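Chain residues, written in single-letter form:
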Amino acid sequence: MHPTKEPLVPMVDLKAVYKRMETELRQAVVAAAEGGIYFHGENVRHLEDELAADVGTTYAITCANATDALTLALMSLDIKPLDEVIAPSICSTRIAEAARCLSINVIFADIDPKSFNIDPKDAEAKVTPRTRAIIPSHLFGRMANMDAVLDVAQRHNLFVIEDAAQSFGAQQSVRGARRMAGSVGIIGCTSFSPTQNLACMGNGGALFTNSYDVAKRIRTNRETAGLDSHLDELQAAILRIKLRHLDEMLSRRRSAALAYRKALANNDFYVLPEFADGHSFNKFTLRVNYGCRDDVRKFLSQRGIASEVNCSPVHPLPAAIKAADEVLSIPLHSEISPDTVARVSLALNDWHIGANHA
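Residues numbered from 1 in each chain as written. Predicted model: local features only at pLDDT ≥ 70, side-chain atom pairs only at ≥ 80, totals over all residues. Heavy atoms only, no water.

Enquirer: Before we go on, may I ask you to explain the environment of Thr 209 in this structure?
Expert: Following the sequence through the fold, Thr 209 ends up in strand β9 (residues 205–209). Judged by its relative accessible area of 1%, Thr 209 is buried. For the pair Thr 209 and Pro 7, spaced 202 residues apart in sequence, the C-alpha separation works out to 44 Å. With residues near it in sequence (within four places) discarded, Thr 209 still touches Thr 57, Thr 58, Tyr 59, Ile 186, Val 214 and Ala 215. Here the side chain of Thr 209 touches Ile 186 through a polar contact of 2.7 Å, landing on its backbone oxygen. A polar contact of 3.2 Å, which involves the side chain of Thr 209, links it to the backbone nitrogen of Ser 211. (Helix = DSSP H or I, 4+ residues; strand = E, 2+ residues; numbered from the N terminus. Buried < 20%, exposed > 50% of the residue type's maximum accessible area, 1.4 Å probe, protein only. Contact = heavy atoms within 4.5 Å. Polar contact = N/O pair within 3.5 Å; in protein donor to acceptor, adjacent residues only side chain to side chain.)

So this is what it looks like as C-alpha coordinates:
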(Lines give C-alpha, C1' and ligand atoms only; values in the text may rest on other atoms or scores of the structure.)
Protein backbone atom coordinates (compact mmCIF):
# COMPACT_ATOMS: atom_id res chain seq x y z
CA MET A 1 0.00 0.00 0.00
CA HIS A 2 1.32 3.42 -0.93
CA PRO A 3 1.28 6.19 1.70
CA THR A 4 -1.79 8.42 1.51
CA LYS A 5 -1.63 11.88 -0.03
CA GLU A 6 -4.48 13.12 2.18
CA PRO A 7 -3.68 15.46 5.09
CA LEU A 8 -2.38 13.67 8.15
CA VAL A 9 -4.85 13.11 10.98
CA PRO A 10 -3.19 13.91 14.33
CA MET A 11 -4.28 12.54 17.69
CA VAL A 12 -4.96 16.08 18.91
CA ASP A 13 -5.11 19.32 16.93
CA LEU A 14 -3.98 22.03 19.34
CA LYS A 15 -4.00 24.68 16.60
CA ALA A 16 -7.69 24.07 15.94
CA VAL A 17 -8.46 24.29 19.66
CA TYR A 18 -6.64 27.63 19.77
CA LYS A 19 -8.36 29.00 16.67
CA ARG A 20 -11.85 28.47 18.12
CA MET A 21 -11.01 30.74 21.07
CA GLU A 22 -8.29 32.85 19.46
CA THR A 23 -9.76 36.30 20.11
CA GLU A 24 -10.55 35.60 23.76
CA LEU A 25 -7.19 33.93 24.39
CA ARG A 26 -5.23 36.76 22.79
CA GLN A 27 -7.07 39.35 24.86
CA ALA A 28 -6.56 37.39 28.08
CA VAL A 29 -2.84 36.84 27.49
CA VAL A 30 -2.23 40.47 26.53
CA ALA A 31 -4.11 41.70 29.59
CA ALA A 32 -2.11 39.39 31.84
CA ALA A 33 1.18 40.48 30.25
CA GLU A 34 0.33 44.16 30.52
CA GLY A 35 -0.68 43.69 34.14
CA GLY A 36 2.97 43.10 35.01
CA ILE A 37 2.26 40.54 37.75
CA TYR A 38 3.22 37.08 36.59
CA PHE A 39 2.82 35.07 39.81
CA HIS A 40 0.31 35.29 42.69
CA GLY A 41 -1.96 37.61 40.72
CA GLU A 42 -5.68 38.01 40.14
CA ASN A 43 -5.95 35.40 37.39
CA VAL A 44 -4.65 32.65 39.67
CA ARG A 45 -6.93 33.71 42.53
CA HIS A 46 -10.00 33.88 40.28
CA LEU A 47 -9.11 30.61 38.55
CA GLU A 48 -8.90 28.77 41.88
CA ASP A 49 -12.37 30.04 42.82
CA GLU A 50 -13.75 29.09 39.40
CA LEU A 51 -12.17 25.64 39.46
CA ALA A 52 -13.56 24.90 42.91
CA ALA A 53 -17.03 25.98 41.77
CA ASP A 54 -16.83 23.87 38.63
CA VAL A 55 -15.59 20.70 40.36
CA GLY A 56 -17.82 21.19 43.38
CA THR A 57 -15.25 21.43 46.16
CA THR A 58 -14.67 24.10 48.74
CA TYR A 59 -11.04 24.66 47.77
CA ALA A 60 -8.88 24.45 44.65
CA ILE A 61 -5.15 25.08 44.90
CA THR A 62 -3.13 25.45 41.70
CA CYS A 63 0.43 24.24 41.26
CA ALA A 64 3.06 23.77 38.57
CA ASN A 65 2.14 20.31 37.27
CA ALA A 66 0.35 17.06 38.09
CA THR A 67 3.41 15.39 39.64
CA ASP A 68 3.70 18.26 42.11
CA ALA A 69 -0.04 17.95 42.79
CA LEU A 70 0.33 14.29 43.77
CA THR A 71 3.47 15.01 45.78
CA LEU A 72 1.69 17.77 47.68
CA ALA A 73 -1.29 15.49 48.27
CA LEU A 74 0.87 12.77 49.83
CA MET A 75 2.80 15.30 51.93
CA SER A 76 -0.31 17.08 53.12
CA LEU A 77 -1.90 13.85 54.38
CA ASP A 78 1.25 13.14 56.39
CA ILE A 79 1.95 9.83 54.66
CA LYS A 80 5.36 8.76 55.93
CA PRO A 81 8.39 7.10 54.32
CA LEU A 82 7.89 3.32 53.93
CA ASP A 83 4.11 3.70 54.22
CA GLU A 84 2.18 2.20 51.30
CA VAL A 85 -0.34 3.55 48.81
CA ILE A 86 -2.29 1.45 46.31
CA ALA A 87 -2.50 2.53 42.66
CA PRO A 88 -3.68 0.84 39.46
CA SER A 89 -1.16 -1.12 37.43
CA ILE A 90 -1.99 1.09 34.44
CA CYS A 91 -1.61 4.70 35.48
CA SER A 92 0.60 7.68 34.92
CA THR A 93 4.18 7.27 36.09
CA ARG A 94 3.71 10.50 38.04
CA ILE A 95 2.14 8.53 40.91
CA ALA A 96 5.31 6.47 41.30
CA GLU A 97 7.47 9.58 40.85
CA ALA A 98 5.63 11.49 43.56
CA ALA A 99 5.77 8.53 45.95
CA ARG A 100 9.45 7.90 45.25
CA CYS A 101 10.31 11.52 46.12
CA LEU A 102 8.84 10.88 49.57
CA SER A 103 10.14 7.28 49.97
CA ILE A 104 6.58 5.97 49.96
CA ASN A 105 5.97 2.48 48.55
CA VAL A 106 3.44 2.06 45.75
CA ILE A 107 1.60 -1.27 45.68
CA PHE A 108 -0.10 -1.92 42.35
CA ALA A 109 -3.55 -3.42 41.88
CA ASP A 110 -4.86 -4.82 38.62
CA ILE A 111 -7.37 -3.05 36.39
CA ASP A 112 -10.99 -3.66 35.49
CA PRO A 113 -10.75 -4.87 31.86
CA LYS A 114 -13.79 -2.86 30.69
CA SER A 115 -12.95 0.55 32.14
CA PHE A 116 -9.13 0.22 32.41
CA ASN A 117 -9.48 1.75 35.89
CA ILE A 118 -8.47 0.22 39.21
CA ASP A 119 -10.15 -3.05 40.21
CA PRO A 120 -11.46 -2.33 43.74
CA LYS A 121 -11.47 -6.03 44.67
CA ASP A 122 -7.82 -6.47 43.75
CA ALA A 123 -7.00 -3.19 45.48
CA GLU A 124 -8.57 -4.49 48.69
CA ALA A 125 -6.55 -7.70 48.39
CA LYS A 126 -3.37 -5.59 48.38
CA VAL A 127 -4.14 -3.75 51.64
CA THR A 128 -1.59 -4.31 54.44
CA PRO A 129 -1.10 -2.76 57.88
CA ARG A 130 1.18 -0.18 56.21
CA THR A 131 -1.40 0.96 53.63
CA ARG A 132 -2.45 4.58 54.05
CA ALA A 133 -4.19 5.53 50.82
CA ILE A 134 -5.71 4.31 47.57
CA ILE A 135 -5.11 6.38 44.42
CA PRO A 136 -7.57 5.65 41.61
CA SER A 137 -6.57 7.07 38.24
CA HIS A 138 -9.54 8.03 36.10
CA LEU A 139 -8.17 6.92 32.73
CA PHE A 140 -9.13 8.11 29.24
CA GLY A 141 -11.94 10.36 30.55
CA ARG A 142 -13.83 7.76 32.59
CA MET A 143 -14.03 7.80 36.36
CA ALA A 144 -13.18 4.69 38.36
CA ASN A 145 -15.93 2.90 40.31
CA MET A 146 -15.82 5.37 43.19
CA ASP A 147 -18.59 3.77 45.26
CA ALA A 148 -16.53 0.59 45.43
CA VAL A 149 -13.28 2.50 46.02
CA LEU A 150 -14.88 4.40 48.90
CA ASP A 151 -16.15 1.13 50.37
CA VAL A 152 -12.61 -0.30 50.40
CA ALA A 153 -11.21 2.90 51.88
CA GLN A 154 -13.82 3.01 54.64
CA ARG A 155 -13.33 -0.64 55.60
CA HIS A 156 -9.59 -0.12 56.00
CA ASN A 157 -9.46 3.52 57.14
CA LEU A 158 -7.63 4.72 54.02
CA PHE A 159 -7.39 8.10 52.34
CA VAL A 160 -8.66 8.35 48.77
CA ILE A 161 -6.55 10.55 46.48
CA GLU A 162 -7.94 10.89 42.97
CA ASP A 163 -5.66 11.19 39.96
CA ALA A 164 -8.10 12.98 37.67
CA ALA A 165 -5.56 14.27 35.15
CA GLN A 166 -7.20 12.55 32.17
CA SER A 167 -10.77 13.10 33.29
CA PHE A 168 -11.36 16.73 34.16
CA GLY A 169 -15.05 17.35 33.58
CA ALA A 170 -16.05 13.70 33.95
CA GLN A 171 -18.76 12.91 36.44
CA GLN A 172 -20.46 9.96 38.08
CA SER A 173 -23.20 9.10 40.56
CA VAL A 174 -21.43 8.49 43.87
CA ARG A 175 -23.46 7.59 46.95
CA GLY A 176 -26.54 8.73 45.05
CA ALA A 177 -25.27 12.21 44.15
CA ARG A 178 -23.61 13.58 41.02
CA ARG A 179 -19.91 14.11 41.66
CA MET A 180 -17.19 15.48 39.43
CA ALA A 181 -13.81 13.81 38.96
CA GLY A 182 -11.51 15.18 41.66
CA SER A 183 -14.28 15.92 44.16
CA VAL A 184 -14.84 12.49 45.71
CA GLY A 185 -11.65 11.73 47.65
CA ILE A 186 -10.06 13.69 50.47
CA ILE A 187 -7.91 15.22 47.70
CA GLY A 188 -8.28 15.26 43.93
CA CYS A 189 -5.36 16.04 41.62
CA THR A 190 -5.38 17.12 37.99
CA SER A 191 -3.14 18.19 35.15
CA PHE A 192 -3.54 21.08 32.72
CA SER A 193 -0.94 19.88 30.21
CA PRO A 194 -1.82 20.64 26.56
CA THR A 195 -3.59 17.36 25.69
CA GLN A 196 -5.93 17.29 28.69
CA ASN A 197 -9.64 18.19 28.59
CA LEU A 198 -8.88 21.52 30.29
CA ALA A 199 -5.46 22.53 29.04
CA CYS A 200 -3.07 25.44 29.27
CA MET A 201 -0.21 26.17 26.86
CA GLY A 202 2.47 24.62 29.01
CA ASN A 203 2.43 22.87 32.37
CA GLY A 204 -0.02 23.29 35.19
CA GLY A 205 -1.89 21.36 37.83
CA ALA A 206 -4.33 21.69 40.71
CA LEU A 207 -5.57 20.00 43.87
CA PHE A 208 -9.14 19.92 45.14
CA THR A 209 -10.43 19.32 48.66
CA ASN A 210 -13.31 20.13 50.98
CA SER A 211 -11.08 20.17 54.06
CA TYR A 212 -9.88 23.53 55.39
CA ASP A 213 -7.01 21.86 57.24
CA VAL A 214 -5.87 19.88 54.20
CA ALA A 215 -6.08 22.96 51.95
CA LYS A 216 -4.01 24.92 54.47
CA ARG A 217 -1.35 22.20 54.57
CA ILE A 218 -1.22 22.04 50.77
CA ARG A 219 -0.64 25.79 50.52
CA THR A 220 1.98 25.69 53.27
CA ASN A 221 3.82 22.77 51.70
CA ARG A 222 3.68 24.41 48.29
CA GLU A 223 5.66 27.31 49.72
CA THR A 224 7.96 25.69 52.25
CA ALA A 225 8.71 22.12 51.16
CA GLY A 226 11.23 23.00 48.48
CA LEU A 227 8.76 22.68 45.61
CA ASP A 228 7.95 26.36 45.00
CA SER A 229 5.17 24.96 42.84
CA HIS A 230 3.04 27.69 41.32
CA LEU A 231 0.87 28.24 38.27
CA ASP A 232 1.81 31.47 36.51
CA GLU A 233 -0.59 34.25 35.58
CA LEU A 234 -0.39 33.68 31.82
CA GLN A 235 -1.39 30.03 32.12
CA ALA A 236 -4.13 30.94 34.59
CA ALA A 237 -5.51 33.51 32.15
CA ILE A 238 -5.60 30.87 29.40
CA LEU A 239 -7.29 28.33 31.67
CA ARG A 240 -9.97 30.80 32.73
CA ILE A 241 -11.00 31.26 29.10
CA LYS A 242 -10.96 27.55 28.35
CA LEU A 243 -12.90 26.72 31.51
CA ARG A 244 -15.76 28.88 30.22
CA HIS A 245 -15.85 26.74 27.07
CA LEU A 246 -15.34 23.40 28.79
CA ASP A 247 -18.92 22.13 28.62
CA GLU A 248 -19.17 22.73 24.89
CA MET A 249 -15.74 21.16 24.30
CA LEU A 250 -16.74 18.06 26.25
CA SER A 251 -20.02 17.90 24.33
CA ARG A 252 -18.11 17.86 21.04
CA ARG A 253 -15.83 15.11 22.35
CA ARG A 254 -18.82 12.98 23.30
CA SER A 255 -20.48 13.57 19.93
CA ALA A 256 -17.34 12.40 18.14
CA ALA A 257 -17.14 9.34 20.42
CA LEU A 258 -20.76 8.47 19.63
CA ALA A 259 -20.04 8.79 15.92
CA TYR A 260 -17.09 6.40 16.26
CA ARG A 261 -19.21 3.93 18.18
CA LYS A 262 -21.95 4.01 15.54
CA ALA A 263 -19.50 3.62 12.64
CA LEU A 264 -17.55 0.75 14.24
CA ALA A 265 -20.40 -1.03 15.99
CA ASN A 266 -20.59 -4.05 13.68
CA ASN A 267 -16.87 -4.77 13.36
CA ASP A 268 -15.85 -7.72 15.51
CA PHE A 269 -12.15 -6.84 15.28
CA TYR A 270 -12.76 -4.08 17.84
CA VAL A 271 -14.11 -3.86 21.37
CA LEU A 272 -15.32 -0.30 21.76
CA PRO A 273 -15.14 1.75 24.97
CA GLU A 274 -18.37 1.80 26.90
CA PHE A 275 -20.32 5.04 26.77
CA ALA A 276 -20.27 5.21 30.55
CA ASP A 277 -22.28 7.71 32.54
CA GLY A 278 -20.36 11.00 32.66
CA HIS A 279 -17.49 9.83 30.40
CA SER A 280 -15.52 12.88 29.18
CA PHE A 281 -13.58 11.01 26.45
CA ASN A 282 -10.11 12.42 26.92
CA LYS A 283 -9.23 9.55 24.58
CA PHE A 284 -11.17 7.07 22.45
CA THR A 285 -9.43 3.84 23.38
CA LEU A 286 -10.62 0.58 21.88
CA ARG A 287 -9.31 -2.99 22.02
CA VAL A 288 -8.18 -4.81 18.89
CA ASN A 289 -9.05 -8.52 18.89
CA TYR A 290 -7.13 -11.53 17.58
CA GLY A 291 -3.65 -10.16 18.32
CA CYS A 292 -3.88 -7.68 15.44
CA ARG A 293 -3.32 -4.37 17.23
CA ASP A 294 0.10 -3.59 15.74
CA ASP A 295 -1.08 -4.50 12.23
CA VAL A 296 -4.00 -2.10 12.62
CA ARG A 297 -1.63 0.66 13.74
CA LYS A 298 0.54 0.10 10.68
CA PHE A 299 -2.49 0.20 8.39
CA LEU A 300 -3.72 3.46 9.94
CA SER A 301 -0.27 4.99 9.56
CA GLN A 302 -0.29 4.09 5.87
CA ARG A 303 -3.61 5.94 5.63
CA GLY A 304 -2.06 9.00 7.29
CA ILE A 305 -3.88 8.49 10.59
CA ALA A 306 -2.12 8.76 13.93
CA SER A 307 -2.76 6.32 16.76
CA GLU A 308 -1.28 5.69 20.19
CA VAL A 309 -0.85 2.92 22.73
CA ASN A 310 -1.61 4.61 26.08
CA CYS A 311 -1.73 1.56 28.28
CA SER A 312 1.73 0.44 29.38
CA PRO A 313 1.57 -1.34 32.74
CA VAL A 314 3.63 0.24 35.48
CA HIS A 315 3.54 -3.19 37.09
CA PRO A 316 2.72 -6.46 35.27
CA LEU A 317 -0.62 -7.93 36.34
CA PRO A 318 -2.89 -10.16 34.23
CA ALA A 319 -5.63 -7.76 33.10
CA ALA A 320 -3.10 -4.95 32.62
CA ILE A 321 -0.83 -7.11 30.48
CA LYS A 322 -3.73 -8.18 28.27
CA ALA A 323 -4.88 -4.59 27.87
CA ALA A 324 -1.37 -3.47 26.95
CA ASP A 325 -1.34 -5.96 24.08
CA GLU A 326 -4.74 -4.94 22.71
CA VAL A 327 -5.53 -1.27 23.31
CA LEU A 328 -5.36 1.43 20.69
CA SER A 329 -6.28 5.11 20.99
CA ILE A 330 -7.47 6.86 17.84
CA PRO A 331 -7.77 10.60 17.09
CA LEU A 332 -10.24 12.45 19.29
CA HIS A 333 -10.36 16.05 20.44
CA SER A 334 -12.94 18.79 20.80
CA GLU A 335 -12.37 20.15 17.28
CA ILE A 336 -12.33 16.89 15.31
CA SER A 337 -14.71 17.14 12.35
CA PRO A 338 -17.39 14.62 11.36
CA ASP A 339 -15.49 14.10 8.09
CA THR A 340 -12.33 13.19 9.99
CA VAL A 341 -14.21 10.80 12.25
CA ALA A 342 -15.67 9.21 9.12
CA ARG A 343 -12.22 8.92 7.52
CA VAL A 344 -10.72 7.24 10.59
CA SER A 345 -13.71 4.93 10.90
CA LEU A 346 -13.53 3.98 7.23
CA ALA A 347 -9.86 3.06 7.61
CA LEU A 348 -10.60 0.93 10.66
CA ASN A 349 -13.44 -0.81 8.86
CA ASP A 350 -11.33 -1.30 5.72
CA TRP A 351 -8.67 -3.13 7.68
CA HIS A 352 -8.66 -6.90 7.57
CA ILE A 353 -6.01 -9.54 8.19
CA GLY A 354 -3.39 -9.04 5.52
CA ALA A 355 -4.63 -5.57 4.53
CA ASN A 356 -1.39 -3.89 5.56
CA HIS A 357 0.49 -6.08 3.10
CA ALA A 358 -1.68 -5.08 0.15
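So much for the structure itself; the text now carries on.
Enquirer: Please explain unusual backbone geometry as it appears in this structure.
Expert: The general pattern is negative phi for most residues beyond glycine and trans for most peptide bonds. Positive phi is not limited to glycine here, since Asp 78 has a value of about 60°. Among the structural elements, Asp 78 can be located in the loop between α4 (66–76) and β2 (84–88). A positive phi angle is found at Asn 157, which is not glycine, with a value near 55°. Tracing the chain through its elements places Asn 157 in the loop between α7 (146–156) and β5 (159–163).

Enquirer: Looking at this model, I keep getting lost on the pairing of β9. Mind explaining?
Expert: Working note: regular strand, side chains alternate between the two faces of the sheet. Buried residues dominate β9, accounting for 5 of its 5 residues. Side chains Gly 205, Leu 207 and Thr 209 project from β9 onto one buried face, and the interleaved Ala 206 and Phe 208 project onto a second face that is buried too. In the sheet, strand β8 (residues 187–191) pairs with β9 via 4 bridges, with the strands oriented antiparallel. In the strand pairing of β9, Thr 190 is matched with Ala 206. (Pairing = 2+ DSSP bridges.)

Enquirer: I keep staring at the sheet that holds strand β3 (residues 105–109) and nothing clicks. Help me out?
Expert: Consider a sheet: its strands pair through backbone hydrogen bonds, and that pairing is either parallel or antiparallel. In space, the 7 strands of this open sheet follow the order β1-β9-β8-β5-β4-β2-β3, with mixed pairing throughout. Looking at which strands have only one partner, the edges of the open sheet turn out to be β1 (59–63) and β3. Averaged over all neighbouring strand pairs, the angle between strand axes comes to 25°, with direction disregarded. In this structure, β5 lies alongside β8, joined through 3 bridges in parallel fashion. Residue pairing for β8: Ile 161 is matched across the bridge by Ile 187. (Axes fitted to C-alpha atoms, helices over the stretch in contact; angles between N-to-C directions.)

Enquirer: Help me out: how do you make sense of the pattern of salt bridges in this one?
Expert: When charged atoms on two side chains of opposite charge get close, those side chains can pair. For the structure shown, the criterion picks out 23 salt bridges. With a shortest N-O distance of 2.8 Å, Lys 80 and Asp 78 are connected by a salt bridge. Classification of Lys 80 as partly exposed rests on a relative accessible area of 43%. Within this structure, Arg 20, Glu 248, Arg 252 and Glu 335 form a network of salt bridges that share partners. (Salt bridge = Lys/Arg side-chain N within 4 Å of Asp/Glu carboxyl O.)

Enquirer: Looking at this structure, how should I read the sheet that holds strand β11 (residues 284–288)?
Expert: Spatial ordering of the open sheet is given by β10-β11-β12, a layout of 3 strands whose pairing is antiparallel. Lying at the two open borders of the sheet, with one neighbouring strand each, are β10 (270–271) and β12 (327–330).

Enquirer: When you look at the packing of helix α11 (residues 293–302) against helix α13 (residues 338–350) in this model, what are you seeing that I'm missing?
Expert: A pair of packed helices is captured by two measures, namely the crossing angle of their axes and the spacing between those axes. Where α11 contacts α13, the axes come no closer than 10 Å and their chain directions differ by 130°. It follows that α11 is oblique to α13 by the angle criterion. Here the hand of the crossing between α11 and α13 comes out right-handed. Residue-level contacts link Val 296, Phe 299 and Leu 300 of α11 to Ala 347, Leu 348 and Asp 350 of α13. Here the contact of α11 with α13 is built from residues that sort into 5 nonpolar, no polar and 1 charged. (Parallel < 35°, antiparallel > 145°, perpendicular 65-115°, else oblique. Left-handed = near helix turned anticlockwise from the far one by under 90°. Nonpolar A, V, L, I, M, F, W, Y, C, P; charged D, E, K, R; others polar.)

Enquirer: Could you clarify how one ought to interpret α11 in this entry?
Expert: Each α-helix winds once per 3.6 residues, and so residues spaced three or four apart point in a common direction. What α11 keeps buried is the set Arg 293, Val 296, Phe 299, Leu 300 and Gln 302. Positioned one or two residues after α11, Gly 304 has a phi angle of 80°, which is positive.

Enquirer: Could you clarify how one ought to interpret the side chain of Ser 167 in this entry?
Expert: Position of Ser 167 among the secondary structure elements: in the loop between β5 and β6 (171–174). Residue classification places Ser 167 among the buried residues on the basis of a relative accessible area of 0%. A polar atom in the side chain of Ser 167 sits 3.3 Å from the backbone nitrogen of Gly 141.

Enquirer: For this particular structure, what's the right way to read empty space enclosed by the protein?
Expert: A probe as big as a water molecule, rolled over the atoms, marks out the empty space that is left. Enumeration according to the criterion identifies 3 cavities of 30 Å³ or more in this entry. A volume near 110 Å³ is recorded for the largest cavity. Lining the largest cavity are 14 residues, and of these Val 17, Gln 196, Asn 197, Arg 253 and Ser 334 lie nearest its centre. Among the elements of the structure, α1 (14–20) and α10 (246–264) are those that each provide at least two residues to the lining of the largest cavity. Split into classes, the residues belonging to the lining of the largest cavity amount to 7 nonpolar, 5 polar and 2 charged. Within this model, the second largest cavity holds a volume of roughly 80 Å³. Considering the residues around the second largest cavity, the lining is formed by Lys 114, Ser 115, Phe 116, Leu 139, Phe 140, Arg 142, Pro 273, Glu 274, His 279, Phe 281, Lys 283 and Thr 285. (1 Å grid on protein atoms, 1.4 Å probe; cavity = no way out; pocket = protein on both sides within 12 Å on 5 of 7 lines; lining within 4 Å. Points joined across faces, edges and corners; volume = space filled by probe spheres on them.)

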